[in-house]
Amino acid sequence: MQIWAVSDVHTDYPDNLAWCEDLDTHSEDCLIVAGDISDDVQTFAATLRCFTQKFKHVFFVPGNHDLWTRREERGKHTSLEKLEVLRRLCTELGVHTAPCCIEGVWLVPLYSWYHASFDAEPDIPGALPAHKIMVDFHACSWPEALDATSPSLAMHFDQMNEEPVTDVMSACQSSADASCDWPPVITFSHFLPLQALLPEKRMLYQPNLAKAAGSNFLATRIQQLKPVAHVFGHTHFNWDCSIDGVRYLQRPLAYPKERRKHGAETKWAPALVYDTKSGLASQRHAYWSDYYLTHSREVDDVLPAPWVSLGR
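Please read these numbers as outputs of a predicted model, since none were measured by experiment.

Quick word on helix α3 (residues 79–93)
Here is step 1: Between its terminal C-alpha atoms α3 stretches 21 Å, which fits the 21 Å expected from 15 residues at 1.5 Å a residue.
Here is step 2: Those residues of α3 that sit buried are S79, L80, K82, L83, L86, L89, C90 and L93. Along the long axis of α3, the arc covered by the buried residues comes to 165°, so they all point the same way. Residues of α3 that are exposed and angled more than 90 degrees away from the buried face: R88, T91 and E92.
Here is step 3: If you follow the buried residues of α3, they end up packed against α2 (41–54), β3 (55–60) and α6 (152–179).

Here is the structure:
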């Protein structure tokens, strides 16, 4: 069995939905979808239905776009209640939203939300604040007890992982006790577990994306689970690197205009992560992660690159 990954398919765009429909069939394989399918429930369902026709196993973890509540949804449910709607729909479609061991490999979705304190690097003077660049701050609706401007929301999402992570760790420990080897684990989330998986803020078109990109709680879960690989999404940067023995991959379909801008190949495909016969796939070329193979992070340099947007 091969395990493939994609994120940020954004199938509200007809070109992206057509890409899903044109995917090659992998009748014995598994696909990880690391969030951001669509905020429209019908489009969300059509996309996952397409994936289940192409792959034997499909795993999903939600992104921020999936939890936007449209005008007609306001008053009917909060973004957390919409999450439950999506999870029930996934169950009906045969899509995994909880950990599962398949052919000896544990696949573990990690629920998450971003928090500003994830950003530990110096700010770029004049950069727009996160709440002015992220639609989430008005497109999502949360219970009054949760504050999108504090870590409380990220903590709430992380608590969803507590019981399943404990169960997976127990199962892995039992396997290790019997065979002396920790079984292969692949974790995945929409948001980033490490700021090192994002270009320096001086390189970002919107530097304060760093305050709405990741969660330190994810890093803790990864330390607990000891995965061979972690798949993430959200930032629309192709990424493939190893840090402290963990392979980190992002393979975003992203928006059609982004693919055109970056000259994406005509036959764009999900990333191969793992093969049960041969292990981790070979590392892919990815611009920014390749860049950091030969360049150090100069986080104290707060002079923005020419393309960076300040104050607009």
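Anyway, onward from the coordinates.
What to know about the state of the cysteines
Here is step 1: Summed over the entire model, instances satisfying the criterion amount to 0 disulfides.
Here is step 2: Unpaired in this structure, C90 has its nearest cysteine sulfur neighbour in C30, at a distance of 13 Å.
Here is step 3: By relative accessible area, which is 0% here, C90 ends up buried.

Let's talk about the sheet that holds strand β4 (residues 100–102)
Here is step 1: One open sheet holds the 6 strands; their spatial order is β4-β5-β6-β7-β9-β8, and the pairing between them is mixed. Two strands bound the open sheet, and with one partner strand each, they are β4 and β8 (239–243). Ignoring which end each strand starts from, the neighbouring axes of this sheet average 20° apart.
Here is step 2: By the bridge criterion, 4 bridges tie strand β7 (residues 229–232) to strand β9 (residues 246–250) in an arrangement that is parallel. Paired with A229 across the two strands is R247, which belongs to β9.
Here is step 3: Most of the contacts of α6 go to strand β5 (residues 105–109), to which it runs at about 165°, and overall it touches β5 and β6 (185–188).

A look at the packing of aromatic side chains
Here is step 1: The final tally for this structure, using the stated rule, is 17 aromatic pairs.
Here is step 2: For the ring pair W113 and W142, a centre distance of 5.0 Å and an interplane angle of 75° mean the geometry is edge-to-face. A residue pair is termed long-range when its members are at least 10 positions apart, and W113 in the loop between β5 and α4 (130–133) and W142 in the loop between α5 (136–139) and α6 qualify at 29 residues. Each member of the pair, W113 as well as W142, carries the same accessibility label: buried.
Here is step 3: Put simply, the rings of W113, Y114, F137, W142, F157 and F191 touch in pairs and so form one group of aromatic residues.
Here is step 4: Its guanidinium or amino end placed over the ring of W182, K226 lies 3.8 Å from that ring's centre, counting from NZ or CZ.

Comments concerning the pattern of salt bridges
Here is step 1: Within the structure shown, the criterion is met by 13 salt bridges.
Here is step 2: A salt bridge links E121 to R297; its shortest N-O distance comes to 3.0 Å. Of this pair, E121 sits in the loop between β5 and α4 while R297 is found in the segment after α9 (287–294), placing the two residues 176 residues apart along the sequence.
Here is step 3: Each of D119, D123, K201 and K211 takes part in salt bridges that share partners, so that together they form one network.

Conventions we followed
- Residues numbered from 1 in each chain as written.
- Predicted model: local features only at pLDDT ≥ 70, side-chain atom pairs only at ≥ 80, totals over all residues.
- Heavy atoms only, no water.
- Helix = DSSP H or I, 4+ residues; strand = E, 2+ residues; numbered from the N terminus.
- Expected span 1.5 Å × (residues − 1).
- Buried < 20%, exposed > 50% of the residue type's maximum accessible area, 1.4 Å probe, protein only.
- Arc of directions from axis to C-beta.
- Contact = heavy atoms within 4.5 Å.
- Disulfide = S-S within 2.5 Å.
- Pairing = 2+ DSSP bridges.
- Axes fitted to C-alpha atoms, helices over the stretch in contact; angles between N-to-C directions.
- Phe/Tyr/Trp six-rings, centres within 6.5 Å; stacked < 30°, edge-to-face > 60°.
- Lys NZ or Arg CZ within 6 Å of the ring centre and 35° of its normal.
- Salt bridge = Lys/Arg side-chain N within 4 Å of Asp/Glu carboxyl O.

On their own, these measurements won't tell you what the molecule is for.
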